[in-house]
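Commentary on secondary and tertiary structure
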Amino acid sequence: MQRVMLRAKLHRVTVTEADLEYEGSCGIDEDLLDASDMRQFERIELYNINNGERFSTYIIKAARGSGAISLNGAAARKAHVGDLLIICTYGPMSEPDAKTFVPKIILVDDKNKIKEIKKITL
């Protein structure tokens with residue numbers, strides 16, 4: 001059996017840009033991508049803390065060190081600049097892997113700079 005498990009989470013990132021005219025996606029600072037092991041074009045689930053919206057799109061790289069979290073195309077209708085988001089990736093895992101896998105949880109400051117990489121113990 002396979003379980004779909006949380007792989008990584010960017011917790012309380014701040015939206016820095018919303019562009020309805022872009023083709024679609026979510027730009028994420030490369031520093032955050034590296035820390036969370038998220039990849040360009042990977043599907044993500046986004047949860048807007050400010051308004052409760054839940055939606056999905058895919059990742060594009062934003063400039064390293066920029067702190068950018070940009071919502072593009074239809075996703076730009078789901079949040080405003082300044083809103084706080086939780087961005088998650090999930091993946092299928094075997095039962096044995098699911099019992100031992102620890103997701104990467106990245107906590108950020110108000111500029112989307114890494115404040116802490118949370119250590120979860122099983």
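Residues numbered from 1 in each chain as written. Predicted model: local features only at pLDDT ≥ 70, side-chain atom pairs only at ≥ 80, totals over all residues. Heavy atoms only, no water.

**Details of the pairing of strand E1 (residues 2-14)**
Using the following cut-off: Strand pairing follows a simple DSSP-based rule, namely that at least 2 bridges must link the two strands. Counting from the N terminus, the helices are DSSP H or I runs at least four residues long and the strands are E runs at least two residues long.
Both E1 and strand E7 (residues 84-94) contribute to a ladder of 11 bridges, which runs antiparallel. Bridge pairing in E7 places Arg3 opposite Met93. Pairing geometry for E1 and strand E8 (residues 104-108), over four bridges, is parallel. Within the sheet, the bridge partner assigned to Ala8 lies in E8 and is Lys104.

**Overview of the environment of Met5**
So the rule is basically this: Working definition: with a 1.4 Å probe on protein chains only, accessible area under 20% of the residue-type maximum means buried, over 50% means exposed, and in between means partly exposed. Throughout, a residue-residue contact means that at least one pair of heavy atoms, one from each residue, lies within 4.5 Å.
In this structure, Met5 sits in strand E1. For Met5, a relative accessible area of 27% gives the class partly exposed. Not counting the four nearest positions on each side in its chain, Met5 is found in contact with Thr89, Tyr90, Gly91, Met93 and Ala98.

**Some details on the state of the cysteines**
Cut-off, in case you're wondering: For the purposes of this analysis, a disulfide is any pair of cysteine sulfur atoms at a distance within 2.5 Å.
The final tally for this structure, using the stated rule, is zero disulfides. Summary of cysteine pairing: Cys26 is not part of a disulfide, and the nearest cysteine sulfur, belonging to Cys88, is at 12 Å. Exposure remark for Cys88: the relative accessible area of 4% places this residue in the buried category.

**Here we look at the nonpolar core**
Worth spelling out the cut-off: We define the nonpolar core as a collection of buried residues of types Ala, Val, Leu, Ile, Met, Phe, Trp, Tyr and Cys that are connected through side-chain atoms lying within 4.5 Å of one another.
The biggest cluster of nonpolar side chains holds 22 residues, and the ones touching the most others in it are Ile28, Leu71, Leu85 and Ile87. Elements with a contribution of two residues or more to this core: E1, strand E3 (25-29), helix H1 (30-36), strand E4 (43-48), strand E5 (54-62), strand E6 (69-72), E7 and E8.

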